[in-house]
Structures are given as C-alpha cells and as structure tokens.
Amino acid sequence: MLVNMTKILQKSKDGKYGVVAPNICNEDSARAAIECAEENRAPVILDLIYRVNPDIPLLAKLVIEMAQRATVPVALNLDHGSTFEEAIIAVRSGFSSIMVDRSSLPYEENIKEVAALVRIAHAVGISVEAELGHVGTGSQYDADRDAGLTNPLQAKEYVERTGVDALAIAIGTAHGKYVGTPYLDFSLLSKIYNTVDVPLVLHGGSGSGDENLARATREGITKVNIGTDLFQAGIDELVTNHASLKRAHEAYLMFALGYKKKLTHYMNLFGECGKADE
Ligand SMILES: [Zn+2]
C-alpha cells in the first residue's frame, strides 16, 4: 500500500530500527525495491531524484500503481527536490512525500522556502523531509567533511519553525563514493536525537560502513538513503554474468538480482525485516 512517509518513520523511531530508502531511477529499479521489501516483509521508502528521471509524472503513475498493489507499506519520496516547481510537480504526480532540500541556502531563507512548501504538502496529506547542515559529496570528503555539520539547537528551532516531518542531518556522511575514510560523529547524533523530536534521516549511506550504519540506526537514525551501493551491486552482477545472457530483458533481471541482494543486506542490517507485519 502507498503510505505517507511519516507513517513508516514514526513506527521505526518508536521501534528503534532503521528503514532503507533505496534510490530508484526507473520501472525496473522500483519493481526490484518493492519486490525486495515484500520478500523481507519490510517497509520501504522509494527515493526518486528529478535529475536521474525528469519525467516524474509518468514514472510516478507506474510506481504508485506498484505501491498500491504491494502488501507492505511503500512511500514514494522526491529526493533532493531543489526547486519550488519540482516539489509541486511531485505533489501533483501523487508522491506521498517530498524532500525539500534548501541546505545550501542561508538559514533564514532555508526556513522560509521549506515552511511554504510544508504548508502546501500538509494541506494534501504529504509528508516533508528537509535538510539542515549540509551533506556534501564523497569526492571532496577530506576537504569539506566538517564544513556542514548540523547544529543541534539550530535543528530544534528549524523543525519547530518549518513544521517538517523528518530531518536530514549532517554527522559525517557524504553522497556517492568516498575519497577518504568516513568518520561519523555519534556524539553529535546523540545530541541531535535528544534535542529534535522528528525522525532523523541519514543521506550518503553508501560506502559508510556496515558498523557505522548499524550503529547509527540503533542510536537514532530512522531513514538511511542508499543509492550508489545498490546501483553498483546491480551493475556488478550484470558484468559478472553477462556472458550467460541470451536476451536483452535478461539484463534487467540480472541487474535487479544484484540490486535486491544488496538491498536485502541493508534491510537486515537495520533490523527492519518483518516489521511490515507488526
Ligand atoms: Zn542525499
């Protein structure tokens, strides 16, 4: 069933387990993610970023139909919505959640733009995730790891003034592949967790290390975004077995096999298997 993201995250926050938010980019990856969630009886949040598939209205139709047929809770979330127009297109396309990323704007502007979209989204029952501090890219990790870490007291004020349902925080992860060794600040996570009431989100899960991620979900993170690792696992499976393929459509199935294996790994790691039925 298609659900609002808050419904999934409030439950995971109360139950102290994490939920994977796999990035999807098309029908095949969406199907793989939902099948994987059903096989593991786990809730799932599908993260779709405009940049990788700008025809969001069309893909949303397919994904929403798949979500409605699913026997586990599925949320469809716009990942890193970066303009007002993108957010409204996602709302109109039937997403059950949007991320409004204004983390590169000055604080007051960030609040103003996010609060305006929260009002619109909440009017039609859609949840909103926003980011405070800034999660950068792994390719520049050593240079800017500490540049955008989230301030706990500011985070509390930010959530109150914007009305967001979930907050993405910067505690040392980065998007994409790391150049350097990821170092997560767990004492900062603890401070934010004890200060902020809404579910917390970790971006840049790929390559952050199983031990780090499992600990993060035990100590307050409820949603972990994973993209790079899943797509890489799909490509690796395809490359390894390409010689045995006879037809083109088998390539998609092979990709899905690798993607699902890796997604299952993370669902187990975060303790969410079986939680769809509780
Ligand atoms: Zn992100």
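Please refer to the structure higher up on the page.
Criteria and thresholds
Residues numbered from 1 in each chain as written. Predicted model: local features only at pLDDT ≥ 70, side-chain atom pairs only at ≥ 80, totals over all residues. Heavy atoms only, no water. Salt bridge = Lys/Arg side-chain N within 4 Å of Asp/Glu carboxyl O. Helix = DSSP H or I, 4+ residues; strand = E, 2+ residues; numbered from the N terminus. 1 Å grid on protein atoms, 1.4 Å probe; cavity = no way out; pocket = protein on both sides within 12 Å on 5 of 7 lines; lining within 4 Å. Points joined across faces, edges and corners; volume = space filled by probe spheres on them. Nonpolar A, V, L, I, M, F, W, Y, C, P; charged D, E, K, R; others polar. Core = buried A, V, L, I, M, F, W, Y, C linked by side-chain atoms within 4.5 Å. Buried < 20%, exposed > 50% of the residue type's maximum accessible area, 1.4 Å probe, protein only. Contact = heavy atoms within 4.5 Å. Pairing = 2+ DSSP bridges. Axes fitted to C-alpha atoms, helices over the stretch in contact; angles between N-to-C directions. Right-handed = clockwise from strand over helix to strand, strands pointing away. Donors = N, O, S within 2.8 Å, 3.2 Å for Na, K, Ca; no water. Arc of directions from axis to C-beta.

Attention now goes to the pattern of salt bridges. Going through the model one piece at a time under the given rule, you end up with 14 salt bridges. Note that E39 and K260 form a salt bridge whose closest N and O atoms lie 3.0 Å from each other. A residue pair is termed long-range when its members are at least 10 positions apart, and E39 in helix 2 (residues 27–39) and K260 in helix 11 (residues 248–269) qualify at 221 residues. When the shortest N-O distance is used, the salt bridge between E157 and R161 registers 3.5 Å. Pair noted here: E157 and R161 are both in helix 7 (residues 152–162), with a separation of four residues, about one helical turn. Salt bridges here are not isolated pairs; linked through shared partners, they connect E35, E39 and K260.

Roughly 590 Å³ of internal volume is contained in the largest pocket. Lining the largest pocket are 27 residues; nearest its centre among them are I49, R51, D79, H80 and H175. Elements represented by at least two residues in the lining of the largest pocket include exactly strand 1 (19–24), strand 3 (74–81), strand 8 (221–226) and helix 10 (228–241). When the residues that make up the lining of the largest pocket are grouped by side-chain class, the tally is eight nonpolar, 15 polar and four charged. Around the second largest pocket, the lining residues are D28, R31, A32, E35, Y252, L253, A256, L257 and K260. Taken together, the elements giving at least two residues each to the lining of the second largest pocket come down to helix 2 and helix 11.

Glancing now at the nonpolar core. Residues L46, I98 and L167 are the most contacted members of the largest nonpolar core, which totals 70 residues. No other element matches helix 3 (residues 56–69), which puts seven residues into this core. I98 has contacts with N77, L78, A87, A90, V91, A121, I126, S127, V128 and E129, leaving out every residue within four places of it along the chain. V3, M5, I45 and A168 belong to the second-largest nonpolar core, a separate cluster that totals 13 residues.

This part covers the sheet that holds strand 5 (residues 127–132). Reading around the barrel, the eight strands line up as 1-2-3-4-5-6-7-8 and close back on themselves, with parallel pairing between neighbours. Pairwise comparison of adjacent strand axes, ignoring direction, gives a mean angle of 25 degrees for this sheet. Here strand 2 (residues 44–49) pairs with strand 3 via six bridges, running parallel. By the bridge assignment, L46 is partnered in strand 3 with L76.

Most of strand 8 is tucked away, with six of its six residues classed as buried. Looking at chain direction, strand 1 and strand 8 are connected through four bridges and run parallel. Among the inter-strand pairings, V20 is bridged to a residue of strand 8, identified as V224. In the classification by handedness, the crossover that spans strand 7 (residues 200–202), the intervening helix 9 (residues 210–218) and the parallel strand 8 is right-handed.

The subject of this paragraph is the pairing of strand 6 (residues 166–169). Side chains A166 and A168 project from strand 6 onto one buried face, and the interleaved L167 and I169 project onto a second face that is buried too. Pairing between strand 5 and strand 6: four bridges, direction parallel. For E129, the partnering residue across the bridge sits in strand 6 and is A166. Note: strand 6 against strand 7, three bridges, orientation parallel. Of the residues in strand 7, the one forming a bridge with A168 is V201.

Inspection of the secondary structure puts F95 in the loop between helix 4 (84–93) and strand 4 (97–100). Residues F95 and I56 lie 39 residues apart in sequence; the distance between their C-alpha atoms is 9.6 Å. Beyond its immediate sequence surroundings of up to four residues, F95 is in contact with L48, I56, A60, I64, L76, N77, L78, A90 and I126.

Our next topic: the coordination of the zinc ion. Distances from the zinc ion to its protein donors, H80 (NE2), H175 (NE2) and H203 (ND1), fall within 2.0 to 2.1 Å. Here the donor residues of the zinc ion share one chain and are spaced in sequence as H-x94-H-x27-H. Of the two residues, H80 sits in strand 3 while H175 sits in the loop between strand 6 and helix 8 (186–195), which places them 95 residues apart along the sequence. Note on H80: relative accessible area 14%, which makes it buried.

What follows covers helix 4. Looking only at helix 4, the buried set comprises E86, A87, A90, V91 and S93. Angularly, the buried residues of helix 4 cover 165 degrees about the axis, an arc narrow enough to put them on a single face. More than 90 degrees from the buried face of helix 4, the exposed residues found are E85 and R92. Contact partners of the buried residues in helix 4: helix 3, strand 3, strand 4 and helix 5 (107–123).

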